[in-house]
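# Structural description and commentary
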Amino acid sequence: MDMIVENNIFRFIYCNLVNTNESCSDFGNFLGILPLGFEWLAFLISGFLLCFIYINGILGAVILSIWGERRLYGRFQNRSGPNRWGPMGVFTSTADAIKVMFKEDVVPVDADKFLFNLAPVLMVFPVFMVFSVIPVGIGTFVVDLNVGLLFILAVTSLSGLAVVIASWASGNRISIFSGLRAVAVLISYEIPMALSLVGVLMLSGTLSLNGIVEAQKIPFILLQPLGFVVFFLASLAEINRTPFDLTEAESELGAGYLNDYSSMKFGIFFLAEFAATIGASAVIATVFLAGWKGPEILPSHIWFGIKLILVLGLIVWVRMSWPRMRIDQILHLAWKGLFELTLINIIVTTIMISIKPDPSVNEMWIMAIINWVICIFSLIIVSKFLNRSVKDNFSNLKNTTPYPVGTEKIKSSFINKKEMVN
Amino acid sequence: MPSTQPVTVNLGPQHPSTHGVFRMRVTFDGEEIVDVEPVFGYLHRGSEKLAEERTYTQVLTLTDRMDYVSSMLNNQSYILAVEKLANVEPSPRGVWLRMIASELQRIASHLVATGFLIQDLGALGTPLIYSMRQREYILDLFEMLCGARITNSYLRPGGVYMDAPEEFWPALDKVLLDVPHAFDELEELLSANEIIKSRTIGVSILSPESMVNASITGPMLRAGGVDWDLRHRNPYDFYDQINFHRPLHNSSDNFARFWVRIQEARESVKIIRQCIDKIEPGPVRPSFDEVPRLLRPPPGDVYSAIEGSKGELGFYLVSDGGIAPYRCHVRASSLINLTLLREMLIGELFNDLFVSFGSIDLNMGEVDR
Amino acid sequence: MTDQWKGIVLGKMLNQILPGCLVSTNKYDVWIKNENLLEVCNVLREKEEFKFDLLNSITAVDYIDYFEVIYHITSLSKNASAVIKTKVGFGRKDPSLSSVVGVWRGADYQEREIWDLLGIKFLSHPNLKRLFLWEGYPGYPLRKDYITYDQSIVTDNK
């Protein structure tokens, strides 16, 4: 119970239901509707209500983020974006959601029916589970796991399973390409993703996300630039955004594993995808941007929201401006680039921590400067190394003899004189 | 070592990036392409058969609908063939006007090709919309010239349908000022982006010998270092009075093909500027006494080709002395440039399939006719 | 300016190399016997004095009595072009011709197109399938005796 007691929303609901002495009376006066002895019921109801609020909050955020992304795409592409339904078109995605629900639900004949229906559920589960450990504000979270970071890493890899099941169950060859690519990308990027968080762990000394936020005297993006870069790229790969959107490569696979899904099953996938984007942004905001921490002028929830939107905007920006990478390049980047970067990051952080086990804020700034210098140098070196094969190919092609055009003449007596002007 | 089994996938005709209704039966081994078999005919409208039932001027509307992103060039090619067949002497102002129109169309076509390359590479529409925006201004100019934006039917035997309105010339100047900036922007996107470079350089290389043998023409051939441009080698209209540079690249990969297209569009701007300098007032087409509305060319056959935006675009016309062509054959560069598709794609990865395919810059309206 | 070979000169030169291949000539065109087509094309591509390396276009025309297949060829190095014609299928009975895909790869789709629309069979073509229309389509649309749907409505009432 200890870790849940700090949870403000939960305590508010729980204490209004059952006003127990040991956990409620210290914090103020509560209603206490139920008599003592019904703690189990109160626990159940308040847990359920908390999840209800969270999940609906996520759904609302997804709807809003779809609208926001489409507005942003519009601005990036010199057009207005959705602007008809509601003020600034804010209800467009709501209308889309309603439309999707009323569409005909088609299940292909070749599909494995059970797995075909199971896949959307499997997809949406882990995405919501990620949110459960993220503190949105002071004392606002579902659960404060002491293994929160590991929990996130474990749970996000489940969505890959859902993609594979969906692609296989569709009975469609193009979908299977998508599923196989998802596995390849997922396996490759899990490792740099996990390793990039090791530096954060060493600095904060805890796996709980609340603990990590508390430990950020200055945001970890300053102390762990390499970790941030690697984690950002790896989470782009995990949520299938450009430049790593191989699974749903629109210009190649149509919609990839979504090809045969229609109606609300498609809607659930779509929702899960955008929720995963928000989830990834939330993790980045929490782990690297100090989560809900910020100057006292604004409440903690607002600070978290601002950071979340910043990271989301960055993801949209990347999506709008970069083309996709090839699959071999993506895998090379994971194993030959990001993996090395994480190792450099771990070594540097280890050395720094062994010199200064408990740094003050000023010492942290010095560490930050050193880390940034190392980050920029190692990025340059690794990108040069990765780029070498391209340059070699290009230089080989320069030395070819030109094809002979117009070098010889035929005898003028063989030629018909042109009579026409044209 | 586990053995792998090749899998055959049908791509198209309903596919987001086959540039129309193209269909390919592709065999993959993992992500690697083992075999490609193109299947045509989903947009076949029988233009050549229809042309046999129309008068020489009416056939013009069919040519618009062949390659619908460069209809001015189609018109020009067809009209040149008709003029050669019927011995029509064109009016100089009409010729200059149609050269301006067709060079503008070439810019528009290359803009579309470049935009779709970056789209095929996976960028989500932004570069495509940037290039399409610039194309809109060119289409506005066409609207001023002939009232239509896509299916122009602007040219007539002996010149053009009518003279350009007064407001056309300042608008043209403005577009000519804007277009180089648009190409600067596109070129920066293309050659300064590490992802685009690493994905297009060294992919789908074709040797110049094999390209010439396979009748491939146009920017694709020039990307292989073969200096073959019909505007220079066999000047039609007044191209012999114009100085222009022919951009060549010798690596013959996807990057080279698009680099050549961008440089060529820049050259088109220079050509248009020279045309504006040389154009003089006068009739835009011969009078109806000289060239009647209902042409009856003498019996005979003629083949005339121009440098289209996609390659050599030729018309073979046979006349039996009647009002309609006895036979009208189109040498469709889009179709013939596809000859080496299999050689281009085998050994490449699935991700590069549509990039290489798009680098041919084909248009299904012209492939299937 | 691309030079246009004189039909008479080209016909004479071809007849010297391959005696008996020539049928007739005219100002621009050379008619050759359809049995000799492949040899003539090989000569035109390989011989130093011709070097026709680019096949611009192949097309065919239905002249009711016979079919004519027309080859427009260009030599890039000499910047010269020529027209080779051959008549096949006299009496409209199974017109066939040897394929030139082995000489010019660019003939591939164009020969398939002619087979599809005019029904001229190209022997030893690697993949002679219909290009635009589907297998089993009745008739060859570009032949002059092909009755279109519109015409069939009118003629049925007679």
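Basis of the calculations
- Residues numbered from 1 in each chain as written.
- Chains lettered and ligands numbered in written order.
- Predicted model: local features only at pLDDT ≥ 70, side-chain atom pairs only at ≥ 80, totals over all residues.
- Heavy atoms only, no water.
- Helix = DSSP H or I, 4+ residues; strand = E, 2+ residues; numbered from the N terminus.
- Buried < 20%, exposed > 50% of the residue type's maximum accessible area, 1.4 Å probe, protein only.
- Contact = heavy atoms within 4.5 Å.
- Areas by Shrake-Rupley, 256 points an atom, 1.4 Å probe, with all protein chains shown as cover.
- Phe/Tyr/Trp six-rings, centres within 6.5 Å; stacked < 30°, edge-to-face > 60°.
- Lys NZ or Arg CZ within 6 Å of the ring centre and 35° of its normal.
- Core = buried A, V, L, I, M, F, W, Y, C linked by side-chain atoms within 4.5 Å.
- Buried area = accessible area lost by both parts, 1.4 Å probe.
- Salt bridge = Lys/Arg side-chain N within 4 Å of Asp/Glu carboxyl O.
- Polar contact = N/O pair within 3.5 Å; in protein donor to acceptor, adjacent residues only side chain to side chain.
- Nonpolar A, V, L, I, M, F, W, Y, C, P; charged D, E, K, R; others polar.
- Pairing = 2+ DSSP bridges.
- Axes fitted to C-alpha atoms, helices over the stretch in contact; angles between N-to-C directions.
- Disulfide = S-S within 2.5 Å.
- Patch = residues over 30% accessible without salt bridge, like charges linked within 9 Å, V, L, I, M, F, W, Y side chains within 5 Å.

With that settled, consider the overall build of chain C. The number of helices and strands found in chain C is four helices and eight strands. Start at the N end of chain C and walk to the C end: the helices and strands fall as β-α-β-β-α-β-β-β-β-α-β-α. Principal-axis analysis of the C-alpha atoms gives chain C an extent of 60 × 30 × 30 Å. Counting only residues that meet the buried cut, chain C has 59% of its 158 residues in that class. Here the contacts in chain C between residues at least 6 apart in sequence split such that 49% fall between residues at least 24 apart. With an accessible surface of roughly 6600 Å², chain C has 53% of that area assigned to carbon and sulfur atoms.

Another point: the packing of aromatic side chains. All chains considered together, the criterion is met by 30 aromatic pairs over all chains. Following the ring pairs from residue to residue traces out a cluster consisting of Phe22, Phe40, Phe354 and Phe357 of chain B together with Tyr109 of chain C. Positioned above the aromatic ring of tyrosine 137 of chain B, the side-chain terminus of lysine 174 of chain B is 5.8 Å from the ring centre. The ring centre of tyrosine 326 of chain B lies 4.0 Å from the NZ or CZ of lysine 144 of chain C, which sits over that ring.

Our focus in this paragraph is the nonpolar core. The biggest cluster of nonpolar side chains holds 102 residues, and the ones touching the most others in it are Tyr189, Leu209, Leu223, Phe244, Phe269, Val287 and Phe288 of chain A. In terms of residues, this core owes the most to one element, helix 14 (residues 263–288) of chain A, which gives 12 residues. Each residue touching phenylalanine 269 of chain A, except ones within four places of it in the same chain, is listed here: Ala119, Pro120, Met123, Ala166, Tyr257, Leu258 and Tyr261 of chain A. The next biggest cluster of nonpolar side chains, apart from the first, holds 97 residues, and it includes Leu206 of chain B together with Val30, Phe50 and Leu131 of chain C.

The partner chain B presents 57 residues to the 40 residues of chain A that form the contact. Counting each side, the surface lost to burial between chain A and chain B is near 4200 Å², with a carbon and sulfur contribution of 59%. Remark: the boundary between chain A and chain B carries two salt bridges. With its nearest N and O atoms 2.7 Å apart, the salt bridge here joins glutamate 31 of chain B to arginine 181 of chain A. For the pair chain A and chain B, the interface holds 10 residue pairs in polar contact (both at pLDDT 80 or more). Elements with a minimum of two residues in the side of chain A that touches chain B: helix 8 (173–196), helix 13 (250–253), helix 15 (300–321), helix 16 (327–355) and helix 17 (361–396) of chain A. Of the residues contributing to the side of chain A that touches chain B, the split by class is 19 nonpolar, 11 polar and 10 charged.

Residue and element names in this part refer to chain B. The strand order 6-7-8 describes an open sheet built from three strands, whose pairing is antiparallel. The sheet is open, and its two edges are formed by strand 6 (300–307) and strand 8 (327–331), each paired on a single side. Taking each pair of neighbouring strands and ignoring which way they run, the sheet shows an average axis angle of 10°. Bridging between strand 6 and strand 7 (residues 312–319) involves eight bridges; their strand directions are antiparallel.

Right, let's get into unusual backbone geometry. The general pattern is negative phi for most residues beyond glycine and trans for most peptide bonds. Residues and elements named next belong to chain A. Of note, methionine 88 is a non-glycine position whose phi angle comes to about 55°, a positive value. The exposed category is assigned to methionine 88, whose relative accessible area is 52%. Of note, serine 263 is a non-glycine position whose phi angle comes to about 55°, a positive value. With respect to the helices and strands, the residue serine 263 is situated in helix 14.

Let us look at the state of the cysteines. Residue and element names in this part refer to chain B. Inspection of the entire model under this criterion finds zero disulfides over all chains. With no disulfide of its own, cysteine 275 lies closest to cysteine 146 among cysteine sulfurs, the gap being 17 Å. Overall, cysteine 275 belongs to the buried group, its relative accessible area being 0%.

With 17 residues of chain C at the interface, the matching set in chain A holds 14 residues. When chain C packs against chain A, close to 1500 Å² is buried across both sides, 51% of that on carbon and sulfur atoms. The interface formed by chain C and chain A includes zero salt bridges. On inspection of chain C and its partner chain A, the count reaches zero residue pairs in polar contact (both at pLDDT 80 or more). Contributions of two or more residues to the side of chain C that touches chain A are made by strand 1 (3–5) and helix 1 (7–17) of chain C. Two strands pair when backbone bridges link them, and strand 1 (residues 415–416) of chain A and strand 1 of chain C are joined in this way by two bridges, in the antiparallel orientation. Along strand 1 of chain C, the bridge assignment pairs asparagine 416 of chain A with glutamine 4 of chain C.

On to a nonpolar patch on the surface, then. On the surface, Leu44, Ile45, Phe48, Leu49, Phe52 and Ile53 of chain A cluster together into a nonpolar patch covering about 580 Å² of accessible area. Note on placement: phenylalanine 52 of chain A falls in helix 4 (residues 39–76).

Below, the discussion takes up the side chain of lysine 310 of chain B. Residue and element names in this part refer to chain B. Here lysine 310 lies in the loop between strand 6 and strand 7. The class of lysine 310 is buried, set by a relative accessible area of 2%. Within the local environment of lysine 310, its side chain forms a polar contact with the side chain of serine 309, the two groups lying 3.4 Å apart.

Attention now moves to the pairing of strand 6 of chain B. The element strand 6 of chain B is extensively covered by neighbouring structure, given that six of its eight residues are classed as buried. Hairpin remark: strand 6 of chain B followed by strand 7 of chain B, antiparallel, with four residues in the connecting loop; positive phi at glycine 311 of chain B, about 150°.

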